Structure formats: structure tokens, C-alpha cells
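# Structural characterization, general
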Amino acid sequence: MEKLANLFHHNHHDSHSHEQQGKHNGKNGNKTPPEFQSNPVDATKIPCGAGVLDLCLLGKDQVGVCTYAKKEIEVYDMKRTKVIGLSATGFPQYLDKTNVGLVFTDLDANSIFQATYSPSMPNEDKKDVEMVPKKKEKGDLKKKTGSSKSSEKDMKTGKKQTKEKTKVKEDEKMEVDAEDDAPEKGGKSNDDSETTGLNANKRDIKAESLVATGDWIPRGLHSTKNGDIIVCLWNGQRNEKSHGKVVKYSKAGKVVKEFDTHNHKPFFSCPMYITESKHEDICVSDWKRKSVIVVTQSSSKKFEYEGHKDQNDEEKQFDPRGLCVDSFNHIIVADYWYHRLHIIDDRGHFLRYIVYDNIRGPTGLCIDENNTLYVGELGGKCVSVTKYLK
């Protein structure tokens, strides 16, 4: 991929940013402080055809994307081409790469799914089949032996429950549709040929349920270095009843630890996206609290970032979404309503903003080892790739 050059002028935040960076760099473990590109930075856009909810890197040359109201995980290469669509029965919302493939959550099921996937898979000749959880044979046999009338009744009941459940989750999931036009049923939202110029293959990646979360709604998730999965869970309630927690699961789906309260005070109200710092601190964006909350492995609250001091307009509060951590242990946060990204250090100090032309509704974030940043845009219906460091 081409190196993205800086072609633009400095904005008024740059001098303050370098000053802050100089003060806090000594404890970050980097001998040389980073040099930031001037805003607006350059960005290459990968059109996705629908608003992006979350994304993750799948190898060096591919990015996996969950888009709004699509029953698949899309995979794009750095040539801006959709190389494959991984079909699902539900609506994948959040995802991350693991050592053997990927994990993701689904709007229709309170479960975390895992799947084997290799970046080489798109080049393999396989039949097009759906990505569905494995089912037990006994259950299938039982369904076959039932009467046709009861089957019809069960199907109608199941569809009604799924529709009601989906409506509730559609209402609560992100509340971003005021900014992004919701795709019409049966419309062009699932047609990728207009934006990518080709019809990508659809393949199966043999997904299976890793964890069933019961009444808790799974949202953002992150695969740690040792293979554990940390997941944001929300109780689905509104107003003062809204409550969330973070749960760490092992590779086998067993609960390792819960991050819920400290001194009888809850950490989270409505956790949405999650990542882990270089020091293994857990970084969470909370949609209801409008803040980024960082918690240590010992379950103590390290800090809570509520946006920069110039962001006090009640009509447009800090609206944190996706997070990622760069090689300097900076936390990068997508600010949805303000259409920009915040960079803060590992103690919660604001360093600077990242902006680029035509950024609209940033959501999911991921970053590679060279600090190349990938930004999913719900409003822009694309993935923007940028280099914010010189």
C-alpha cells in the first residue's frame, strides 16, 4: 500500500499536541517522541456500500468489516476490492481477529461466535454456503419427526419473536440512524457491485457459538495477546437502569474474570467498544456516559476521559465509539458526532485530534504494527486508511 503523504497545513491544536507529547513521552517506553502529520491528514477510502459498524485486520492485506443491516462479514483488500463475503444467518455487529480466525457478535443472538479464517481462503475454490453455528443432530432429527402443523406454528412464533427481539436491539444498538440513512428493506443496501465494481464470492467459514451470554447483549469485543476474549455486555435497559460490564473469556469460552464494579460503584452504563493497552489496561467506550473508561487488570479505575475541554456543547457531546492503541501506547478514539478522532496518552491526557477530508461518523478502529490507521465510517459508508504519524 502506498505511503500516505502529508499535503496539508497545521491546525491550531498542533503546538499544544507536541507540548503535551513532550511532557508525557518519557514514561511511554519510546526513546523518540512521535511526529504527527498536520491536519487534515491524507486518507485513502475503501467504499463498502453500507455504513460500517466495526472492522479488524485479517492479515497484512485484508480488512474484515461488519456493515449496517448486512447478513455477512465483508473482506476487502488494499486495492479497495471486496474479495469475499462471509455469509451469516443473522446480522454480525462487532468483530476481531484471533490466532486462528475471528470472533464476532450477532444482533439476532446473545452469543459470541468464533470462526476459522485465513486470508488465503478467498483464493481457494469452495462452494458458496452459509456461515451458521453448528447444530446438534438430535435436534435436527426431532424437528424432522414433528407434525407439519406444529412446525408451521413454531416457525411463525419463532419469526415473531425474532422480529420483536430484533426491533428492540435495532432501537438500542447504536442510535446512529439520525446521522446515517437506514437501508431500506429489499433495497440496494446489499448490492456491492455499485461501490466495488464486482460481485465478490460468498463463502463459509464454519462459525460456531463460543459463549451464550443469556440476557446480556454482547457488543464490542477484543482478542487479547494470550488468546482470551474481552467482551462488552449490556443489560438492554434504559435511563438509570442501564448497566453494563466487561467479561474476559478463555479460548474455551469459560469466564476468567468480570469487570463490573469497584467499591460498589459500577464502571459502565452502556459499554460499546473495547480494546486493551500495551500495559493490559482495558479501554472501553461507554455510549451512555459519553466517556472512555480505562480499568486495570486488578479492577481499579485508572481514569475516565470525557472529551477535550473545548467540547462542552450539550448539543454535540463527546460521542466515543471505536478504540485502538498504537505502538506508543496512545489510545485513539473515534468521536462519532464530531467526525474526528482523539488521541490521548495512557494517563488520559489529550494530545491532539486527527481529522481528514470527508470523514463522516467514524465508528470502528484498528491499527497495524506500522501505525497505519483504519477507520470504519457509518455515515461515510467506507473504511478510510490513513497515516497520522510522519
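All values reported here derive from a predicted model rather than from experimental measurement.

Reading guide: rules and limits
Residues numbered from 1 in each chain as written. Predicted model: local features only at pLDDT ≥ 70, side-chain atom pairs only at ≥ 80, totals over all residues. Heavy atoms only, no water. 1 Å grid on protein atoms, 1.4 Å probe; cavity = no way out; pocket = protein on both sides within 12 Å on 5 of 7 lines; lining within 4 Å. Points joined across faces, edges and corners; volume = space filled by probe spheres on them. Helix = DSSP H or I, 4+ residues; strand = E, 2+ residues; numbered from the N terminus. Nonpolar A, V, L, I, M, F, W, Y, C, P; charged D, E, K, R; others polar. Buried < 20%, exposed > 50% of the residue type's maximum accessible area, 1.4 Å probe, protein only. Core = buried A, V, L, I, M, F, W, Y, C linked by side-chain atoms within 4.5 Å. Contact = heavy atoms within 4.5 Å. pLDDT = per-residue confidence, 0-100. Pairing = 2+ DSSP bridges. Axes fitted to C-alpha atoms, helices over the stretch in contact; angles between N-to-C directions.

Turning our attention to the layout of surface pockets. For the second largest pocket, the calculated volume is near 1,400 Å³. In this structure, the second largest pocket is lined by 46 residues; those nearest its centre are Leu 57, Cys 366, Ile 367, Asp 368 and Glu 369. Going through the elements one at a time, strand 2 (52–57), strand 6 (92–97), strand 11 (217–223), strand 17 (271–276), strand 21 (320–325), strand 25 (362–367) and strand 26 (372–377) are the ones with two or more residues in the lining of the second largest pocket. Its residues assigned to classes, the lining of the second largest pocket comprises 16 nonpolar, 15 polar and 15 charged.

Here we take up unusual backbone geometry. The omega torsion across Asn 39 and Pro 40 is -5°, close enough to zero to call that bond cis. Inspection of the secondary structure assignment puts Pro 40 in the loop between helix 1 (14–24) and strand 1 (43–47). Although it is not a glycine, Arg 80 sits at a positive phi angle of roughly 70°. A residue is classified by how much of its surface remains accessible, and Arg 80, at 43% relative accessible area, is partly exposed.

All right, on to the nonpolar core then. Of all hydrophobic cores here, the largest spans 30 residues; its most connected members are Leu 221, Val 231, Tyr 249, Val 292, Tyr 305, Leu 323 and Ile 331. With 4 residues, the single largest contributor to this core is strand 12 (residues 229–234). The residues contacting Leu 221, other than those within four sequence positions of it, are Tyr 94, Leu 95, Asp 96, Val 103, Phe 104, Thr 105, Ile 112, Ile 229, Ile 230, Val 231 and Ile 274.

Here the chain shows a mean pLDDT of 78. Residues at 70 or above account for 69%. Here residues 1–28 scores under 50 on pLDDT; set against residues more than four positions off or in separate chains, the count is 56 contacts. Counted against residues more than four places away or in other chains, residues 159–199, with its pLDDT under 50, gives 74 contacts.

Reading across from one edge, 11-12-13-14 is the order of the 4 strands in this open sheet, with antiparallel pairing throughout. At either margin of the open sheet sits one strand with a lone partner, and together these are strand 11 and strand 14 (255–259). Ignoring strand direction, the axes of neighbouring strands in this sheet form an average angle of 25°. Across 4 bridges, the pairing between strand 13 (residues 244–249) and strand 14 is antiparallel. Note that in strand 14 the partner of Val 247 across the bridge is Glu 258.

This part takes up the pairing of strand 25. In terms of burial, strand 25 is a largely internal element, 6 of the 6 residues being buried. Inspection of the sheet shows strand 25 paired to strand 26 by 4 bridges, in the antiparallel sense. Within the sheet, the bridge partner assigned to Ile 367 lies in strand 26 and is Leu 373. From the end of strand 25 to the start of strand 26, which pair antiparallel, there are 4 residues, and Asn 371 there has a positive phi angle of about 65°.

On to the pairing of strand 7 (residues 101–106). For strand 7, a buried count of 6 out of 6 residues is recorded, marking the element as mostly surrounded by other parts of the structure. Summarising the sheet, strand 6 and strand 7 pair through 5 bridges and their orientation is antiparallel. Directly across from Pro 92, in strand 7, lies its bridge partner Asp 106. Linkage of strand 6 to strand 7, two consecutive antiparallel strands, is achieved through a turn of 3 residues. Here 6 bridges tie strand 7 to strand 8 (residues 109–116), and the two strands are oriented antiparallel to one another. Directly across from Thr 105, in strand 8, lies its bridge partner Ile 112.

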